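Next come the chains, spelled out residue by residue.
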Amino acid sequence: LLGNISRERVDARLPVSRTSLSSTTDEQKYCSVVKVQAVWEPPQQTRHHYDSDALLNVPPLISVHARRVADWLGLRPVGWIFSYDDNRNDDTEDSLPVYQSDIQEAAVLQIHNMKNAGRTDGCCFATLAMDARTGATEAFQLSDVCVQMVAEGMIVANDEKKKDGRYCKTKHAVVVDGKETQQLDSVLCLVNTAMLSHEGSFAGNLGSGSSVKKNGSLTNKARKAILKAMDDDDSNDALVLELLCDFSILLALDDVLDVKDSERLCKTVQKWARGQKKGTNLDDDLKLRLKSIL
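Summary of the structure given here.

### Focus on the overall build of the protein chain
Step number 1: For the protein chain, the count of helices and strands is eleven helices and ten strands.
Step number 2: Evaluated residue by residue, the protein chain yields a buried proportion of 39% over its 294 residues.
Step number 3: Residue pairs in contact within the protein chain that sit at least 24 positions apart in sequence constitute 65% of those at least 6 positions apart.
Step number 4: Split by element, the accessible area of the protein chain, about 17,400 Å² in all, is 50% carbon and sulfur.

### Comments concerning the pairing of strand β8 (residues 167–176)
Step number 1: Two elements, strand β7 (residues 155–156) and β8, share two bridges in a ladder whose sense is antiparallel. Of the residues in β8, the one forming a bridge with Ile155 is Thr170.
Step number 2: As paired elements, β8 and strand β9 (residues 179–185) share six bridges and run antiparallel to each other. For Val174, the partnering residue across the bridge sits in β9 and is Thr181.

### Quick notes on the pairing of strand β1 (residues 2–9)
Step number 1: Examined bridge by bridge, β1 and strand β2 (residues 30–38) share eight bridges and lie antiparallel to one another. Following the sheet pairing, Ser6 is matched in β2 by Val33.
Step number 2: Relative to strand β3 (residues 76–77), β1 is paired through two bridges, and the arrangement is antiparallel. Bridge pairing in β3 places Leu2 opposite Pro77.

### Some thoughts on helix α10 (residues 259–273)
Three or four residues apart is the spacing at which side chains of an α-helix point the same way, because the helix has 3.6 residues per turn.
Step number 1: Along its 15 residues, α10 runs 21 Å from first to last C-alpha, staying within 8% of the 21 Å computed at 1.5 Å per residue.
Step number 2: Buried residues belonging to α10 abut α3 (64–72), α8 (238–244), α9 (247–256) and α11 (284–293).
Step number 3: With a side-chain oxygen lying 3.2 Å from the backbone nitrogen of Lys260, the N-terminal cap of α10 falls on Asp258.
Step number 4: At the exit of α10 stands Gly275, carrying a positive phi of roughly 110 degrees.

### Quick look at the packing of aromatic side chains
Step number 1: Scanning all chains against the criterion turns up one aromatic pair.
Step number 2: Look at Trp80 and Phe82: their rings are 5.0 Å apart centre to centre, the planes differ by 35 degrees, and that puts the pair in the tilted class.
Step number 3: Exposure remark for Trp80: the relative accessible area of 5% places this residue in the buried category.
Step number 4: A residue is classified by how much of its surface remains accessible, and Phe82, at 2% relative accessible area, is buried.

### Section: the environment of Asn236
Step number 1: As for its placement among the helices and strands, Asn236 is situated in the loop between α7 (220–232) and α8.
Step number 2: In this structure, the C-alpha to C-alpha distance between Asn236 and Lys277, residues 41 residues apart in sequence, is 9.4 Å.
Step number 3: Setting aside chain neighbours within four positions, we find Asn236 in contact with Thr280 and Asn281.

### Concerning the sheet that holds strand β5 (residues 126–131)
Step number 1: In spatial order, the strands read β4-β5-β6-β10; together these four strands make up an open sheet with mixed pairing. Each edge of the open sheet carries a strand with a single partner, namely β4 (79–84) and β10 (190–192). Between one strand axis and the next, the sheet turns through 35 degrees on average, direction left out of account.
Step number 2: Looking at chain direction, β5 and strand β6 (residues 137–142) are connected through four bridges and run antiparallel. Each residue of the ladder has a partner; that of Met130, found in β6, is Thr137.

Criteria and thresholds
- Residues numbered from 1 in each chain as written.
- Predicted model: local features only at pLDDT ≥ 70, side-chain atom pairs only at ≥ 80, totals over all residues.
- Heavy atoms only, no water.
- Helix = DSSP H or I, 4+ residues; strand = E, 2+ residues; numbered from the N terminus.
- Buried < 20%, exposed > 50% of the residue type's maximum accessible area, 1.4 Å probe, protein only.
- Contact = heavy atoms within 4.5 Å.
- Areas by Shrake-Rupley, 256 points an atom, 1.4 Å probe, with all protein chains shown as cover.
- Pairing = 2+ DSSP bridges.
- Expected span 1.5 Å × (residues − 1).
- Polar contact = N/O pair within 3.5 Å; in protein donor to acceptor, adjacent residues only side chain to side chain.
- Phe/Tyr/Trp six-rings, centres within 6.5 Å; stacked < 30°, edge-to-face > 60°.
- Axes fitted to C-alpha atoms, helices over the stretch in contact; angles between N-to-C directions.

Have a look at this one:
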């Protein structure tokens, strides 16, 4: 998940207190908000809910190619989302959508993020679990203790022959509710996180279906839509820039453009997405290059 982290008022509808008599502190008025603007998916090599090897073998955390485009758009990794298709939420008290393998995956990804962005910013990393059958999604953060345990090898990976579950086996005994145990409930590693609806700035405007093929190149539908917009909207490029507000499309174009042209394109699209619509246009030579490529 690529996006931005900001501070926002907990309830923007309430008037700002301007007297010293209010007992509400600044910490209560504001909270950290993660806004997901785009999603990047590494190549998958398995039919399971996600390919653990593909996620962990992309150095560092996200491919150099995708990170470059994200940097030009002012985005950074803010979390990850995975799907599952087994019956984890069975409406019982013990149901939990995040299992031990997901806990370990999330912790390793967060550790990579903390190494890249620093501890303070890197720990702002969300884990989203989506039921592939219904689309129901829950958001969590990992506790600091959980991340530290994974970093120190305290949580032992399950045998592949055994079914994964919500209980984590620990290398040494840990104390839970005053008792020593080596079976740690993964619910103790999670912090529930509120989730609000939001439309990502670079989520795409092409409608249904993906804008890129599995090999990363543009689909015929996306290519024809951009070409048509160029022909129909020569005056101010509004239609073209609207279509280019798609991280997948910009990533595909980065493959075929040279670095300088790709950077110019991404920074122009970023200005447009930020609201600087008046006067934001593509350079004529860049448009010509795009037309010839498409």
